[in-house]
Amino acid sequence: MTQVKTEKVRIATTSLAGCFGCHMSLLDIDERILQLAELVEFHKSPVVDRKTFQERCAVGLIEGGCCNAENVETLRAFRDQCDILVSVGDCATMGGIPALRNLVPLEECLREAFLDGPSTVNPTGRPPDDPELPLLLDKVYPCHEVVRVDYHLPGCPPSADALWAALQALLTGAEPTLPYPLLKYD
Amino acid sequence: MSDRVSFTIDGTRVEAFRSQSIMDAAMESGVYIPRLCHVPGLDPWGSCRVCTVKVNGRFSTACTQPAMTGLTVENDTEELNDLRRDLVEMLFVGGNHFCMSCEKSGNCELQAMGYRLGITAPLHPYLHPDRDVDASHPDIMLDHNRCILCARCVRTSRDLDGKQVFDFVNRGSDRRIAIDPGARLKDSDADVTDRALDACPVGALLRKREGFRVPVGEREYDHVAIGEEDGVDPVSDLWDES
């Protein structure tokens, strides 16, 4: 593949079924963010508010798992457009908090949330069904159950140091490894 | 006939009494064999399979295999650690292990084993089984979602507490810990002082109102890998010699 060599590495990030905590943790690298800004150009990412891919990216960071059809579509676009795809955080690697709904049938979830909940006021008497809303999946899936994922960085969220260590490795072409204290599932 | 036997683990000579298991001999000699269901002082159980080693070329659980003279035991090899990784991943996907909201996180042996083996994400499909929580007891919580069926509570309650509060019911993937048929924890002899509660390696059996008492950063496995607590850090070892 021929690609015009640019000075900065293009990276893309997104939050699927997540809470943006992993993105916040990325901001938590403090002054190292200046170093990062010299090394990378944020392409499709909430950091720069770009909504679509115009160019191929070297690295894609995925926060969150897949709970609806839009998540799946976004994740597939990331897989298509990114050379290296990284699941960041417990929601992306194992479903995380959104996957707690996997322990309850979807219909029961919707009924509790929109019909029978103790504080619910819903004159329509049915769950939201506007065609604009993405359809929910039967379960919440970790990213690697939907597309091929190259690396997994667990944590809720992964610490700023863990994210920095992983990014440094990826940007220098090294195999990302984590020292013991940085590998966490919580 | 001597009651002492001698064999090797990864090339290191280990001495043991004839009645000891490979696991007990290894523990006495300071050789760490990863394990979840085995605890010193309880009869071997052999259910978690994490202590699987190769004995004279054949797979065997170290906690149930008697030590004998002349055995060649492989333990810390890539092949065995790969198998252990698969076993631990299967324990993660077979239950409902949400570390981010679990009171045991940081002190959990299953989680610590994941860290030690370098598991970044279990890649087997998640089963998300439908399991109950028994919070009926005023001081104790039993969360079946987190249970790995190691029988440590079963054995501790029976052999050390002298109570036999817990046992297994059902078979295969339906197997679970139970009190008497139809009974809940509040109907049992279980007490907050039972050693069975301390025996649980995961967050399945917990004392109520004690969660998150130890801050992040000071928990058992925050900085030190499971199996390295009392062992000699190999890096320090080299420094001592130089």
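An account of the accompanying structure is given in this report.

Conventions adopted
Residues numbered from 1 in each chain as written. Chains lettered and ligands numbered in written order. Predicted model: local features only at pLDDT ≥ 70, side-chain atom pairs only at ≥ 80, totals over all residues. Heavy atoms only, no water. Contact = heavy atoms within 4.5 Å. Buried area = accessible area lost by both parts, 1.4 Å probe. Salt bridge = Lys/Arg side-chain N within 4 Å of Asp/Glu carboxyl O. Polar contact = N/O pair within 3.5 Å; in protein donor to acceptor, adjacent residues only side chain to side chain. Helix = DSSP H or I, 4+ residues; strand = E, 2+ residues; numbered from the N terminus. Nonpolar A, V, L, I, M, F, W, Y, C, P; charged D, E, K, R; others polar. Core = buried A, V, L, I, M, F, W, Y, C linked by side-chain atoms within 4.5 Å. Buried < 20%, exposed > 50% of the residue type's maximum accessible area, 1.4 Å probe, protein only. Domains from an automatic or database assignment. Disulfide = S-S within 2.5 Å. Pairing = 2+ DSSP bridges. Axes fitted to C-alpha atoms, helices over the stretch in contact; angles between N-to-C directions. Parallel < 35°, antiparallel > 145°, perpendicular 65-115°, else oblique. Left-handed = near helix turned anticlockwise from the far one by under 90°.

**Here we look at the interface of chain B and chain A**
Across the boundary between the two partners, chain B contributes 34 residues, which contact 22 residues of chain A. Of the roughly 2,200 Å² buried between chain B and chain A, counting both surfaces, carbon and sulfur atoms make up 64%. Among the residues chain B hides against chain A, the three largest losses belong to Met-100, Tyr-115 and His-128 of chain B. Together they make up 32% of the total. Our enumeration of links across chain B and chain A arrives at 1 salt bridge. Here chain B is connected to chain A by 11 residue pairs in polar contact (both at pLDDT 80 or more). Element by element, the count of residues in the side of chain B that touches chain A is highest for helix H3 (residues 109–116) of chain B, at 4 residues. Among the residues forming the side of chain B that touches chain A, the class breakdown is 17 nonpolar, 13 polar and 4 charged.

**As for the nonpolar core**
Ranked by internal contacts, the top residues of the largest apolar core, which has 42 residues, are Val-88, Leu-110, Met-113, Phe-166, Ile-177 and Leu-205 of chain B. At the level of elements, helix H2 (78–94), H3, strand S7 (140–143), helix H4 (152–159) and helix H5 (195–199) of chain B are the ones that each hand at least two residues to this core. Of all the elements, H3 of chain B adds the most residues to this core, at 4 residues. Here this core spans two domains, and each of domain 1 (4–76) and domain 2 (83–207) of chain B adds at least three residues to it. Beyond its immediate stretch of four places on either side in the chain, Phe-166 of chain B contacts Cys-153, Val-154, Ser-157, Ile-177, Ala-178, Ile-179, Leu-185, Ala-196 and Leu-205 of chain B. If you look at the next biggest cluster of nonpolar residues, it comprises 21 residues, including Ile-11, Cys-22, Val-59 and Val-88 of chain A.

**Comments concerning the side chain of His-144 of chain A**
Examined against the element boundaries, His-144 of chain A turns out to sit in the loop between strand S6 (136–141) and strand S7 (151–153). In this structure His-144 of chain A comes out as buried when scored by relative accessible area, which is 16%. Only 3.5 Å separates the side chain of His-144 of chain A from the side chain of His-152 of chain A, close enough to count as a polar contact. Residues within four places of His-144 of chain A in sequence aside, it is in contact with Thr-93, Val-149 and His-152 of chain A together with Ala-121, Pro-122 and Leu-123 of chain B.

**Topic: the state of the cysteines**
Summed over the entire model, instances satisfying the criterion amount to 0 disulfides over all chains. Left unpaired, Cys-19 of chain A is separated from the closest cysteine sulfur, that of Cys-91 of chain A, by 6.4 Å. Cysteine Cys-37 of chain B is unpaired, with the sulfur of Cys-48 of chain B as its nearest cysteine sulfur at 3.8 Å. Since its relative accessible area comes to 1%, Cys-37 of chain B is described here as buried.

**Let's talk about the pairing of strand S1 (residues 4–9) of chain B**
Residues and elements named next belong to chain B. When you tally the buried positions in S1, you get 5 out of 6 residues, the bulk of the element. Relative to strand S2 (residues 12–17), S1 is paired through 6 bridges, and the arrangement is antiparallel. Looking across to S2, one finds that Phe-7 is bridged to Val-14. A loop of 2 residues connects S1 with S2, the two strands running antiparallel in sequence, and Asp-10 in this loop sits at a positive phi of about 50 degrees. Bridge count between S1 and strand S5 (residues 72–74): 2 bridges; the pairing is parallel. Along S5, the bridge assignment pairs Thr-8 with Thr-72.

**So, the packing of helix H2 (residues 32–39) of chain A against helix H6 (residues 160–171) of chain A**
Residues and elements named next belong to chain A. The contact between H2 and H6 brings their axes to 12 Å, and the two run at 25 degrees. Here H2 is positioned roughly parallel relative to H6, judged by the angle of their axes. The interaxial crossing formed by H2 with H6 has left-handed handedness. Between H2 and H6, the contacting residues are Arg-32, Gln-35, Leu-36 and Leu-39 on the first element and Ala-160, Asp-161, Trp-164, Leu-167 and Leu-171 on the second. Within the contact of H2 with H6, the residues separate by chemical class into 6 nonpolar, 1 polar and 2 charged.

**Re the pattern of salt bridges**
All names here are of chain B. One pass over the full model with this rule turns up 22 salt bridges over all chains. For Arg-146, the salt bridge is made with Glu-103, and the minimal N-O distance between the two is 3.0 Å. Linking Arg-146 in the loop between S7 and H4 with Glu-103 in the loop between H2 and H3, this pair joins segments that are 43 residues apart in sequence. For Arg-146, a relative accessible area of 12% corresponds to the buried category. In this structure, the salt-bridge partner of Glu-228 is Arg-116, at a minimum N-O distance of 3.1 Å. With Glu-228 in the loop between strand S10 (205–207) and helix H6 (234–241) and Arg-116 in helix H3, this pair connects stretches of sequence that are 112 residues apart. In this structure Glu-228 comes out as partly exposed when scored by relative accessible area, which is 29%.

**Comments concerning the sheet that holds S10 of chain B**
Residues and elements named next belong to chain B. Taking strand neighbours across the sheet as the criterion, the 3 strands line up as S6-S7-S10 in an open arrangement whose pairing is antiparallel. Every other strand in the sheet has two partners, leaving strand S6 (133–134) and S10 as the edge strands with one partner each. As defined by bridge partners, S6 adjoins S7 across 2 bridges and the pair is classed as antiparallel. Along S7, the bridge assignment pairs Val-133 with Asp-143.

Everything listed here is a matter of geometry and, on its own, says nothing about what the molecule does.
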